[in-house]
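Given next are the chains, with one letter for each unit.
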Amino acid sequence: MGILFTIISNIFVIIPAQLVRIAIDYVVESFAYYQVFSEGDLSVEARSAFLKFIFIFGFLILVMALLRGFFLFLIRQTIIVMSRLIEFDMKNEIFDHYQKLPLSFYRRNSTGDLMARITEDVSRVRMYLGPAIMYGLNLVVLFPLVIGYMLSVNVELTIYSLLPLPVLSISIYFVNNLINERSEKIQRSLSGLSTFVQEAFSGIRVLKAFVREDDSANDFRKASEDYKDKSIRLTLVQSLFYPLILALIGISTILTVYIGGMQVIDGTIGYGVIAEFILYVNMLTWPVTSLGWVTSIIQRAAASQQRINEFLDEKNDIISTENLDTLIKGDIHVKNVSFVYPDSGIKALQDVSFSINSGESLAIIGTTGSGKSTIANLLMRMYDVSSGQIDIDGRNIQVYDTASLRKQIGFVPQDVFLFSDTIANNIGFGLDEYTLELIEKAAKDADVYQNIIDFPKGFETKLGERGITLSGGQKQRVSIARAIAKEPSILLLDDCLSAVDTKTENSILNALKKIMVNRTSIIISHRVSSAKLADKIIVLDDGKMVEQGTHDYLIDKKGVYAELYEKQTQNNETVEE
Ligand SMILES: Nc1ncnc2c1ncn2[C@@H]1O[C@H](COP(=O)(O)OP(=O)(O)OP(=O)(O)O)[C@@H](O)[C@H]1O
Ligand SMILES: [Mg+2]
């Protein structure tokens, strides 16, 4: 439809130019006659016939312009609307794809890069699909039409008047590339600037505490000075751009008038042709200008699409072998599992084996960097094991549908992340729909209920960005409530009691014991106080499992755990004194 409308609208561009020629030639001719009649009786009639004719021409030209306007409207409504729809689809496709990609993908690529592809790159591709195609199409249709007409009217005049146009097109191509190059530099400078600002304000507490305000302001001044310089350089190119176009059009017009004038003197053509040609040259100017512009848009769009495809071609390597979607009981067997982080090559786990039956609780204790969170990552299937096997309910973890598996695990990550939404929505985050009772029960089990109802708006309290309006311990407990609200078959707590006192820790662990009957809980911690209630404890050190057994067994064994227990309880005593 867009192509059709482009053709029709261009016909209404060309016809008026011819009407102008006919009208001017008629005026010139009838003026000669009119002078003859001006003495006699016929003068009044001749004059009115003449005016009528001119009026009809004027009216026709106006109608053509209106029709052209109408079709221009339709062109935009088809082609530009199409490009917006494609842009919409692309954005959704990329976003959907992003979300399917594994964690390892997010470790490799920065958030800025992900955002740039879904916004800037997509909009460049849209520029190609919309404006570039629209102007390109216009060019393809208008050129043969106009140049064909011009040649049929006068070959010599055509050649002279079109002479400056290729120069125009080529110079615009180069100038445009220069503009794009500089705009891109500005863009990069701007994103550096916004990253800087964002970091400065999200880290404002640290910034103030270390009294770095002046330093930070200086850095900002430098970054924004860079932005200013680059913008001024762009303005310089842009300032030269329009005079250049106008100069070349001027040359074209002068040539037309000069060569046309000579031919009128020779009597080869009428005055009207000059007017017609000037109109043609003006008609061609914008398409010729757009030729350079369109070419550079196409080049940029190609590069952008390539960048987008790079991400779209990324495959999710965490795939399910059988897409098994069943209710999980929670028997877990970890058999000789080793794991190396693919991106850093760090060997995080070596030959770790343990098992938990449904309804039991397991505590994982170990020093920092010993591989505790890595076990959580593997159980959530954020990564696949490098060697060994993890079985859930007697079947390899890889046979389960990943979404179904993750839905049945209540995970409390080590670094708490809450969304800037109400507390109720945060707790109900893992559920498609929830009742207030469920949320309240989860909050009670996580021992955060009293804190929440003490807020003036209770569960409807809006959390600030990343939950900054809550204390560290409150955040952790909301995060636990979020995991419990899912009523998971397996509860996985990664060091999530570190910011609560031992009393609260105990009450949460006791509540968990009650709700986790017939379900499995795994508690990862640095503190023995979190571990001692568990049915079984494993101790990790540097990726290896060094001890396992019950609290009493490990204490009797007088190994690493016993030593840790002694140290930590001793510390507590000194604190209590
Ligand atoms: N995403 C990752 N990519 C590469 N290496 C990682 C990644 N996450 C952790 N590691 C490395 O794997 C090792 C084990 O890390 P892990 O997070 O499992 O430790 P942890 O026992 O949970 O420690 P902490 O008690 O401090 O939370 C560390 O040496 C760490 O540097
Ligand atoms: Mg950890």
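Residues numbered from 1 in each chain as written. Chains lettered and ligands numbered in written order. Predicted model: local features only at pLDDT ≥ 70, side-chain atom pairs only at ≥ 80, totals over all residues. Heavy atoms only, no water.

Student: Sorry if this is basic, but what is going on with the packing of aromatic side chains here?
Tutor: What characterises a pair of aromatic rings is the spacing of the ring centres plus the angle enclosed by the ring planes. Using the criterion set out here, one finds 21 aromatic pairs in the structure. Taking 5.2 Å as the distance between ring centres and 80° as the angle between the ring planes, the aromatic pair formed by Phe 241 and Tyr 242 counts as edge-to-face. Since its relative accessible area comes to 10%, Phe 241 is described here as buried. The exposure class of Tyr 242 is exposed, given its relative accessible area of 53%. Each member of the aromatic cluster is reached from another via a ring pair, and the members are Phe 5, Phe 12, Phe 70 and Phe 71. Over the ring of Phe 311 we find Arg 117, and its NZ or CZ is 3.9 Å from the ring centre. The ring centre of Tyr 449 lies 4.7 Å from the NZ or CZ of Lys 444, which sits over that ring. (Phe/Tyr/Trp six-rings, centres within 6.5 Å; stacked < 30°, edge-to-face > 60°. Buried < 20%, exposed > 50% of the residue type's maximum accessible area, 1.4 Å probe, protein only. Lys NZ or Arg CZ within 6 Å of the ring centre and 35° of its normal.)

Student: I'm lost on the coordination of the magnesium ion (ligand 2) in this one. Help?
Tutor: A metal bound by six donors in octahedral fashion has ideal angles of 90 or 180 degrees, whereas one bound by four tetrahedral donors has an ideal angle of 109.5 degrees. Binding of the magnesium ion (ligand 2) to the protein goes through Ser 373 (OG) and Gln 414 (OE1), at separations of 1.9 to 2.2 Å. On the criterion of sequence distance, the pair formed by Ser 373 in helix H10 (residues 372–379) and Gln 414 in the loop between strand S6 (409–412) and helix H12 (423–427) is long-range, its members being 41 residues apart. Residue class for Ser 373 comes out partly exposed when judged on its relative accessible area of 25%. (Donors = N, O, S within 2.8 Å, 3.2 Å for Na, K, Ca; no water. Helix = DSSP H or I, 4+ residues; strand = E, 2+ residues; numbered from the N terminus.)

Student: Explain the site of ligand 1 here, please?
Tutor: Not every one of the 17 residues close to ligand 1 is listed here, only the nearest: Arg 107, Lys 372, Ser 373, Thr 374 and Gln 414. A distance of 2.9 Å separates an oxygen atom of ligand 1 from a polar backbone atom of Gly 369. At 2.5 Å, a side-chain N or O of Thr 374 approaches an oxygen atom of ligand 1. Within the complex, the protein chains bury 76% of what would otherwise be the 630 Å² of accessible surface of ligand 1. (Near = heavy atom within 4 Å. Polar contact = N/O pair within 3.5 Å; in protein donor to acceptor, adjacent residues only side chain to side chain. Areas by Shrake-Rupley, 256 points an atom, 1.4 Å probe, with all protein chains shown as cover.)

Student: Any chance you could explain the sheet that holds strand S4 (residues 387–392) here in plain terms?
Tutor: Sheets are built from strands that pair by backbone hydrogen bonding, the pairs being arranged parallel or antiparallel. The strand order across the open sheet built from 4 strands is S2-S1-S4-S5, with neighbouring strands paired in antiparallel fashion. Strand pairing shows two members of the sheet lacking a second neighbour, strand S2 (347–356) and strand S5 (395–396), which therefore form its edges. Sheet analysis places strand S1 (residues 332–340) next to S2, joined by 6 bridges and oriented antiparallel. Looking at S2, one finds that Val 337 is bridged to Val 352. The strands that H10 touches are S1, S2 and S4; relative to S2, the one it contacts most, it runs at about 65°. (Pairing = 2+ DSSP bridges. Contact = heavy atoms within 4.5 Å. Axes fitted to C-alpha atoms, helices over the stretch in contact; angles between N-to-C directions.)

Student: Any chance you could explain unusual backbone geometry here in plain terms?
Tutor: Only a minority of non-glycine residues have a phi that is not negative, and only a minority of peptide bonds are not trans. One non-glycine residue, Asn 323, lies in positive phi territory at about 50°. Take Asn 323: it is sitting in the loop between helix H9 (271–312) and S1.

Student: Would you explain the side chain of Ser 320 in this entry?
Tutor: Here Ser 320 is to be found in the loop between H9 and S1. Within the local environment of Ser 320, its side chain forms a polar contact with the backbone nitrogen of Glu 322, the two atoms lying 3.5 Å apart. From its side chain, Ser 320 meets the backbone oxygen of Tyr 400 in a polar contact 3.0 Å long. Other than its neighbours up to four places away in sequence, Ser 320 contacts Arg 381, Gln 398, Val 399, Tyr 400, Asp 401 and Thr 402.

Student: I'm lost on the packing of helix H2 (residues 43–100) against H9 in this one. Help?
Tutor: Angle between the axes and distance between the axes are the two parameters that describe a pair of packed helices. The interhelical angle for the contact between H2 and H9, taken along N-to-C directions, is 35°, at an axis separation of 10 Å. The interaxial crossing formed by H2 with H9 has left-handed handedness. In this structure, H2 contributes Met 90, Glu 93, Ile 94, His 97 and Tyr 98 to the contact, and H9 contributes Gln 305, Ile 308, Phe 311 and Leu 312. Here the residues of the contact of H2 with H9 are counted per class, giving 6 nonpolar, 2 polar and 1 charged. (Left-handed = near helix turned anticlockwise from the far one by under 90°. Nonpolar A, V, L, I, M, F, W, Y, C, P; charged D, E, K, R; others polar.)

Student: So what exactly am I meant to see when it comes to the environment of Asp 393 here?
Tutor: With respect to the helices, strands and loops of the structure, Asp 393 is situated in the loop between S4 and S5. On a C-alpha basis, the gap between Asp 393 and His 333 in space is 8.2 Å, while along the polypeptide they are 60 residues apart. Other than its neighbours up to four places away in sequence, Asp 393 contacts Leu 327, Ile 328, Lys 329, Gly 330, Asp 331 and Tyr 400.

Student: Help me understand a nonpolar patch on the surface, please; the structure alone is not making it clear to me.
Tutor: Where nonpolar side chains cluster on the molecular surface, the patch consists of Leu 151, Val 155, Ile 159, Tyr 160 and Leu 163 and spans about 440 Å² of accessible area. No other element matches helix H5 (residues 155–162), which puts 3 residues into the nonpolar patch. Here Leu 151 shows up in helix H4 (residues 111–153). What makes Leu 151 partly exposed here is its relative accessible area of 39%. (Patch = residues over 30% accessible without salt bridge, like charges linked within 9 Å, V, L, I, M, F, W, Y side chains within 5 Å. Salt bridge = Lys/Arg side-chain N within 4 Å of Asp/Glu carboxyl O.)

Student: Teacher, can you tell me more about the domain arrangement of the protein here?
Tutor: How big an interface is tends to be expressed through the accessible area that disappears when the partners come together. Each assigned domain of the protein is listed here: domain 1 (2–312), domain 2 (326–408 + 504–577) and domain 3 (414–487). Each of domain 1 and domain 2 was reduced to a C-alpha centroid, and the two centroids are 64 Å apart. (Domains from an automatic or database assignment.)

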